[in-house]
Amino acid sequence: MQLSLTQPSSWILLLLLVMNLFLWKNVASVPMCAMRNARCFTFFEDTFELAGSLSHNISGEVSELFTEFENHYAKVPRLKDKGLMRCHTSSLSIAENKEQAKHTHYEALLKSGHMILNAWESPLENLVRELSATENVPDTIISKATNIKTKINAVQKGVNSLMSSMLQNGDEEKNNPAWSRLPLLQPGNEDARIRSFYGMISCLDNDFKKVDIYLNVLKCYMLKIDNC
Ligand SMILES: *[C@@H]1O[C@H](CO)[C@@H](O)[C@H](O)[C@H]1NC(C)=O
């Protein structure tokens, strides 16, 4: 299986393909492998590899979106008002940085990534829909956000499959507080909307840095890569 991994669409395609194979094979015992960079990856390894690489890319893209948004709306009064910045995921008790992540059990790390991804599923949809419905938002911002949402959905599918194949009971995450406090976009005038978009993108940026760290620590661990 040789796909050009310079195209975001092939990342997503490959990830989805791996996922599908994943669902009907018993992962640990799959004898086949996918050849990439002259290396044979099992589907299991492949999923970690792809989820790690894609989440790293997403984390960079979210930062770019955040910077672009911030520059474009720099003149909006109280844009960076800290009072508006409470993230709906802030109550999750999860590893804060790479050092902590390295000392977290791999199952807990995978669960944390899973929780963050799930907590963002509907807010992200909401964000993209509302951005598109707001006047004068630059097309580049809308298309970046849409693209990010597509990639995040792909990573989420990957992590869901890893969860269901690695963990026996993936039931506890249902009572996670993140679900009960989804961020609501502020009603009101345009500046207020822009401020709430800004707050959400800032939270997404923070959270995706964590997902990037978790999935790459997991990737290193699962693929036994040194020095990372
Ligand atoms: C993410 O991947 C795409 C496609 O490979 C690339 O064009 C883009 O520059 C990458 N973004 C970052 C922030 O690395």
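Procedures and definitions
- Residues numbered from 1 in each chain as written.
- Predicted model: local features only at pLDDT ≥ 70, side-chain atom pairs only at ≥ 80, totals over all residues.
- Heavy atoms only, no water.
- Helix = DSSP H or I, 4+ residues; strand = E, 2+ residues; numbered from the N terminus.
- Expected span 1.5 Å × (residues − 1).
- Buried < 20%, exposed > 50% of the residue type's maximum accessible area, 1.4 Å probe, protein only.
- Polar contact = N/O pair within 3.5 Å; in protein donor to acceptor, adjacent residues only side chain to side chain.
- Core = buried A, V, L, I, M, F, W, Y, C linked by side-chain atoms within 4.5 Å.
- Contact = heavy atoms within 4.5 Å.
- 1 Å grid on protein atoms, 1.4 Å probe; cavity = no way out; pocket = protein on both sides within 12 Å on 5 of 7 lines; lining within 4 Å.
- Points joined across faces, edges and corners; volume = space filled by probe spheres on them.
- Nonpolar A, V, L, I, M, F, W, Y, C, P; charged D, E, K, R; others polar.
- Salt bridge = Lys/Arg side-chain N within 4 Å of Asp/Glu carboxyl O.
- Disulfide = S-S within 2.5 Å.
- Phe/Tyr/Trp six-rings, centres within 6.5 Å; stacked < 30°, edge-to-face > 60°.

(A) Summary view of helix α6 (residues 190-223). For α6, built from 34 residues, the straight-helix expectation of 50 Å at 1.5 Å per residue is met to within 8% by its first-to-last C-alpha distance of 48 Å. For α6, a buried count of 27 out of 34 residues is recorded, marking the element as mostly surrounded by other parts of the structure. Where α6 starts, the residue carrying a side-chain oxygen 3.2 Å from the main-chain nitrogen of D191 turns out to be N189.

(B) Up close: the nonpolar core. In terms of nonpolar packing, the biggest core is built from 54 residues, with I58, F69, Y73, L131, I152 and F208 touching the most fellow members. Mapped onto this core, the elements with two or more residues apiece are α2 (43-72), α4 (106-133), α5 (139-166) and α6. Here the element with the most residues in this core is α6; it accounts for 15 residues. Those residues in contact with I152 that sit more than four places away from it in its chain are I58, L117, L124, L204 and F208.

(C) The arrangement of the layout of surface pockets in detail. Its boundaries defined by the atoms lining it, the second largest pocket holds a volume of some 160 Å³. A101, K102, T104, Y106, L109, V217, L218, C220, Y221, I225 and C228 are the residues that line the second largest pocket. Of all elements in the fold, only α3 (98-102), α4 and α6 reach the threshold of two or more residues within the lining of the second largest pocket. Per-element accounting of the lining of the second largest pocket gives the leading share, four residues, to α6. Considering only residue class, the lining of the second largest pocket consists of nine nonpolar, one polar and one charged.

(D) Representation of the pattern of salt bridges. The final tally for this structure, using the stated rule, is eight salt bridges. In this structure, the salt-bridge partner of K219 is E49, at a minimum N-O distance of 3.7 Å. Of this pair, K219 sits in helix α6 while E49 sits in helix α2, and the two are 170 residues apart along the sequence. For the pair shown, K219 and E49 are each scored as buried. The partner of K80 in a salt bridge is E70, with the nearest N and O atoms 3.5 Å apart.

(E) Main features of the environment of E61. Looking at the secondary structure, you find E61 in helix α2. Judged by its relative accessible area of 22%, E61 is partly exposed. Along the chain, E61 and D205 lie 144 residues apart, while their C-alpha atoms are 9.1 Å from each other. The residues touching E61, leaving out its near neighbours within four places in the chain, are N147, I148 and K151.

(F) Layout of the state of the cysteines. What the rule picks out here adds up to one disulfide. Between the sulfur of C87 and that of C203 lies a disulfide, 2.0 Å long from S to S. Taking the sign of the torsion about the S-S bond as the criterion, the disulfide between C87 and C203, at about -90°, is left-handed. Residue C87 is located in the loop between α2 and α3, and its partner C203 is located in helix α6; the two are separated by 116 residues in the primary sequence.

(G) The packing of aromatic side chains, seen in detail. Within the structure shown, the criterion is met by five aromatic pairs. Note on F66 and Y198: the rings are 5.1 Å apart at their centroids and 35° apart in plane angle, and the pair reads as tilted. Within this pair, whereas F66 is found in helix α2, its partner Y198 is found in helix α6, the two being separated by 132 residues in sequence. Take F66: its relative accessible area is 15%, and that puts it in the buried class. A ring pair is formed by Y106 and Y221, whose centres lie 5.3 Å apart and whose planes are at 25°; its orientation type is stacked. Here Y106 is found in helix α4, whereas its partner Y221 is found in helix α6, with 115 residues between them in sequence. Ring-pair connections join several aromatic residues into one group, and the members of that group are F66, F69, Y73, F197 and Y198.

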